[in-house]
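# Geometric and topological summary
Chain by chain, the residues run as shown.
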Number of protein chains: 2
Amino acid sequence: MAQKPSIPQGTRDFGPKEVQRRKYILQIIESVFKKSGFMPLETPSMENLSTLTGKYGDEGDQLLFKILNSGDYFKKLIEYNEKALGHEELDPTFLPSFSGKLSDLDSKRSLSFIAEKGLRYDLTVPFARYVVMNRNQISFPFKRYQMQPVWRADRPQKGRYREFWQCDADVVGSNSLLNEAELIRIYDEAFALLGIPVFIKMNNRKFLTALAEACGAPELIGAITVAIDKLDKIGIEKVEEELKEKGLTSNQIEKIKAYLLLPKSTNSLKDLGEICGNNEAFQKGLEEVNTILDFTGGDLNNQLELDFSLARGLSYYTGAIFEVVAISGTLKSSIGGGGRYDNLTGIFGLPDVSGVGISFGLDRIYDVMEEAKLFPETIRNSPTKIIFCHFDEKGRKFAYDTCLKIRKENIAAEVFPDITKKIGKQLDYANSLGIPYVAIIGDDEMRDQIFSLKNLETGIQQKVSLVELINTIQS
Amino acid sequence: MAQKPSIPQGTRDFGPKEVQRRKYILQIIESVFKKSGFMPLETPSMENLSTLTGKYGDEGDQLLFKILNSGDYFKKLIEYNEKALGHEELDPTFLPSFSGKLSDLDSKRSLSFIAEKGLRYDLTVPFARYVVMNRNQISFPFKRYQMQPVWRADRPQKGRYREFWQCDADVVGSNSLLNEAELIRIYDEAFALLGIPVFIKMNNRKFLTALAEACGAPELIGAITVAIDKLDKIGIEKVEEELKEKGLTSNQIEKIKAYLLLPKSTNSLKDLGEICGNNEAFQKGLEEVNTILDFTGGDLNNQLELDFSLARGLSYYTGAIFEVVAISGTLKSSIGGGGRYDNLTGIFGLPDVSGVGISFGLDRIYDVMEEAKLFPETIRNSPTKIIFCHFDEKGRKFAYDTCLKIRKENIAAEVFPDITKKIGKQLDYANSLGIPYVAIIGDDEMRDQIFSLKNLETGIQQKVSLVELINTIQS
């Protein structure tokens, strides 16, 4: 019967200290969201596959976790297929509008028989789906935050998990660039509170559009964006190679290189304009960047950096784009990103609703904070402030009565539940959980109503009354 | 392109007010868990199917949501099957230790080719799995709480969802009945804080064992438990019928009826002893009940009721069992349950680790509280305390500068992001979100640095300085 248990690849259990550290991060981010007037939303873990597929590119579709339909579909399918191969009569209710063997069906079509639902891949698409479904109840602009797990069937590796949390804030139904400034401020304040120094990188998709137009290749905007997005990972030479493969001429590539080599500063905007021949897309992007910088002001905790090489993979961005990179530590990975999308709800039938959003990657933030030792020391395994140890039945009863009195003062307290003469075992338990205080109940303690209170960190022991005990723990 | 979006049957979106109300419940339950020294744990949403199957009975296995393996397994399987039917050579690496057509495989075996993972069905089995995997790091007794969603492919109906939350507290590695008393107190305090009057029902599986033995049919304990468990739903006659079908004699059924008709009180324990011939199982159960009642004491907020007809469906319970029923409202459904299990970790290879646990059903608690109007009025849609409205670019800039100052005082504040002359639209927005204060920025306000602060609930408007504005909102 007995199996050696394990958990699926790329997933993790979170023990007491990890859960509390994760909650510490979540609470800080949530407090900043709320102070800026964002409202919470939660969507189901499962979405219909029709909602998810085609939204994240082909690669994204491959990474969706799909849920097997209920019932023994597999067996039914095999039976159906064998009948088809044997030219027997097929049940038309089982597979409407198709008769033939199953391997002739394309894989997308055939899949819907065994899976119609998938796990959430990000929080943006479910949000867009929610907005469209609830458009008549929502007061626009709709400012929502959402902090939930997402799932991707990615190859597991360091810092990349199959179940991980995103914390998103989005505003939809407002074209105002004040929203971009608000989101920059949210990044800035949250990372300041977490103690992580970051670069907040900003660019504008309209500059990339302007560049493609200046190259005389507006239709190649997608290819150019995808290539530039890889710059940090593969370097300028490989980007050049990729552009050459996509059919760009050496003149065009030179222009793109000049663009990528622009210093990361507002001072480069004039040169950028020249590269793009000051076309309309450039002018529009320039106006947006200036307005956002004007709203944001100069009093940020972190550096806001205009980085023209920032591209972001997702195709739905149309204006400002953001990425946050932690400065300290060996993990230079992105810990947040986002941007403006002018028509995300359009795919669900609600056009002309512009939105802008950012995302915090909880798991990567955790890894950065752990490496840089940024978590408060006060996060212990156990919430318990005092544990009562004892030698016998009578002592345990006395300990429990006292424990209940102390909890009335809102102090987390517990009694070692089992009877054991081995007081060392009880103290080991307290130590391993990081419980700061212990009181051992013996006959003297019960008779005199005086407690031997020991601070397990300092080792100091003192005889105190119940009131003194409560005061000591609360101080 | 445009699809009409929807969400999977039995799942729900939670809007701003619902999320906050759910968090209100979760926070109260969590605070009680922590005060009693329970530590948080979180496990992955997905578990290996080998961890889940066979733990919840045949019906439970049917209700597991299974995750389709990555890759195009379906197509591969169909190809494999067609080759098998055509007596072609089969690829042994694809389906080791089997050659033949797939419909000859039993459905359990064949399933593992398309699904190896499933969604969490409850929090108890993943907890047992965690304990076994981490036995060498854990300090026993291990007191953990866990508040996470679970998934069941149940037929959706009122009050029953396919994704719902459980809040569990368990102690493993301790035989002490003090733990049972602690868990009763947790139920009692949490429901008192939530404002829901409840019956906390308790029974002991050993009484059911004693009854089966007294009937001379110890092997029928399972059938008797399952039948009794249905008493509330189907009534005593139908329970009799079911027992008859299971092969019990009328003498045996009379004994069981006498047991079920015992008044719900400790006064019935003597009669219960007589029904069971005071056998050993009864004596052990009696001792446990008395010890638990002694530890629990008489100062509970809610009634602790000894209910001999309580049986609980799950087979792994061995001692005390609990169920909590809300008293007010039309929803008489169970909002919590639990019990002692002597060998749950045994299925994963770690025998002799006794545990006891309880569960809160968040979604049912929510429904009870909504019906009885028990949520605080202070839970609004938006966290925002004040919104600044304006007429033009200049007004918006002034509003935003003021807003940033106010946020420094830790007040949630926002500025209507878009420029619109229609002040009514801005006020509608504030009203629909339940924002309590609004300040409209016009030329006078900017010149005099005096704000027209309106309380949207009372309608009272006053002219105030920035300091007065902050004080008014904070008070």
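Nothing here was measured: the structure is a model prediction, and the numbers come from that model.

### Description of the sheet that holds strand β11 (residues 355-361) of chain B
Residue and element names in this part refer to chain B. One open sheet holds the eight strands; their spatial order is β1-β5-β6-β11-β10-β9-β7-β8, and the pairing between them is mixed. Only two strands of the sheet have a single neighbouring strand rather than two, namely β1 (39-40) and β8 (303-306). The sheet contact formed by strand β7 (residues 198-204) and β8 spans four bridges and is parallel. Paired with Met202 across the two strands is Leu306, which belongs to β8. Against the sheet, helix α7 (residues 178-194) contacts β5 (142-151), β6 (163-172), β7, β8, β9 (320-326), β10 (334-341) and β11, and its axis sits at roughly 15° relative to β11.

### Brief notes about the pairing of β6 of chain B
Residues and elements named next belong to chain B. Most of β6 is tucked away: nine of the ten residues are buried. As paired elements, β5 and β6 share ten bridges and run antiparallel to each other. By the bridge assignment for β6, Gln146 is matched with Asp168. For β6 and β11, the ladder comprises seven bridges, and the chain directions are antiparallel. Of the residues in β11, the one forming a bridge with Val171 is Val356.

### As for the packing of aromatic side chains
Counting across every chain of the model gives 40 aromatic pairs over all chains. When the centroid spacing of 6.3 Å and the interplanar angle of 90° are considered together, the rings of Tyr400 of chain A and Phe295 of chain B count as edge-to-face. Linking Tyr400 of chain A in helix α15 (residues 393-407) with Phe295 of chain B in helix α13 (residues 280-296), this pair reaches from one chain into another. Phe295 of chain B sits in the buried class, given a relative accessible area of 5%. An aromatic cluster is present here, built from Phe33, Phe38, Tyr145, Tyr187, Phe191 and Phe360 of chain A joined pairwise through their rings.

### Re the relation of the copies chain B and chain A
Superposing chain B onto chain A requires a rotation of 180° together with a translation of 0.0 Å along the rotation axis, leaving an RMSD of 0.1 Å. Such a combination of rotation and displacement between the chain copies is what one expects of a two-fold axis. The C-alpha atom lying nearest the rotation axis in chain B is that of Ile67 of chain B; the distance is 2.3 Å. Most of the interface of chain B is mirrored in chain A, where 100% of its interface residues again form contacts.

### So, the nonpolar core
Side chains of a nonpolar character, in soluble globular proteins, are inclined to be buried together. The biggest cluster of nonpolar side chains holds 100 residues, and the ones touching the most others in it are Leu102 and Phe142 of chain A together with Leu102 and Phe142 of chain B. Core analysis: the next-biggest nonpolar cluster, separate from the first, contains 72 residues, Ala217, Leu248, Ile256 and Leu260 of chain A among them.

### Topic: the domain arrangement of chain A
What the domain assignment lists for chain A is domain 1 (16-60 + 121-371), domain 2 (66-114) and domain 3 (386-474). Domain 1 of chain A and domain 2 of chain A are separated by 41 Å when their C-alpha centres are compared.

### Remarks on the side chain of Arg21 of chain A
Note that Arg21 of chain A resides in helix α1 (residues 16-35). In contact with Arg21 of chain A, other than residues within four places in its own chain, are Tyr366, Glu370, Phe375 and Ile379 of chain A.

### Description of the pattern of salt bridges
Residues and elements named next belong to chain A. If you walk through the whole model with that rule in mind, you get 54 salt bridges over all chains. Its salt-bridge partner being Glu189, residue Lys35 comes within 2.9 Å of it at the nearest N-O pair. Of this pair, Lys35 sits in helix α1 while Glu189 is found in helix α7 (residues 178-194), placing the two residues 154 residues apart along the sequence. With a relative accessible area of 27%, Glu189 lands in the partly exposed category. With a closest N to O distance of 3.3 Å, Lys284 and Glu288 form a salt bridge. In this pair, Lys284 and Glu288 both sit in helix α13 (residues 280-296), four residues apart, roughly one turn of the helix.

### Regarding the sheet that holds strand β12 (residues 386-390) of chain A
Residues and elements named next belong to chain A. On the basis of which strands lie adjacent, the open sheet formed by five strands has the order β13-β12-β14-β15-β16 and mixed pairing. Each end of this open sheet is capped by a strand with a single partner; those strands are β13 (413-415) and β16 (461-464). Sheet twist, expressed as the average angle between the axes of neighbouring strands with direction ignored, equals 25°. Its contacts with the sheet place helix α16 (residues 423-433) against β12, β13 and β14 (437-441), and it is angled at close to 170° to β12. Strand contacts of helix α18 (residues 466-474): β12, β14, β15 (451-455) and β16, with the helix running at about 135° to β16, the strand carrying the most contacts.

### Some details on helix α9 (residues 221-229) of chain B
Listed in full, the buried residues belonging to α9 of chain B are Ala223, Ile224, Thr225, Ala227 and Ile228 of chain B. Where α9 of chain B is buried, its residues touch α8 (205-214), α10 (231-245) and α11 (250-260) of chain B.

Thresholds, definitions, all that
- Residue positions are given per chain, counting from 1 as you read along its sequence in written order.
- Labels follow written order: the first chain is A, the first ligand is 1, and so on.
- Two thresholds apply to this predicted model, a pLDDT of at least 70 for residue-level local features and 80 or more for giving and counting side-chain atom pairs, whereas whole-chain, interface and lining totals are computed over all residues.
- Side-chain measures were taken over the full set of non-hydrogen atoms in the model, leaving aside hydrogen atoms and water.
- For two strands to be treated as a pair, DSSP must find no fewer than two bridges joining them.
- In DSSP terms, a helix is any run of H or I states spanning at least four residues, a strand is any run of E spanning at least two, and both are numbered starting from the N terminus.
- Between two residues, a contact is recorded if the distance between any of their heavy atoms is within 4.5 Å.
- In this description, a line fitted to the C-alpha atoms serves as the axis of each element, helices being fitted only across the stretch in contact, and the angle between N-to-C directions of two axes falls anywhere from 0 to 180 degrees.
- Only protein chains enter the accessibility calculation, which uses a 1.4 Å probe; a residue is then buried when its area is under 20% of its type maximum, exposed when over 50%, and partly exposed in between.
- Note on aromatic contacts: the rings of Phe and Tyr and the six-membered ring of Trp form a pair at centre separations within 6.5 Å, being stacked when their planes are under 30 degrees apart, edge-to-face when over 60 apart, and tilted otherwise.
- A least-squares fit on C-alpha atoms brings the copies together, and the residues used are those whose pLDDT is at least 70 in both copies.
- Side-chain atoms within 4.5 Å link the members of a nonpolar core, which is a set of buried Ala, Val, Leu, Ile, Met, Phe, Trp, Tyr and Cys residues.
- The start and end points of each domain follow an automatic or database-based domain assignment.
- Salt bridge, as used here: a side-chain nitrogen of Lys or Arg that lies within 4 Å of a carboxyl oxygen of Asp or Glu.

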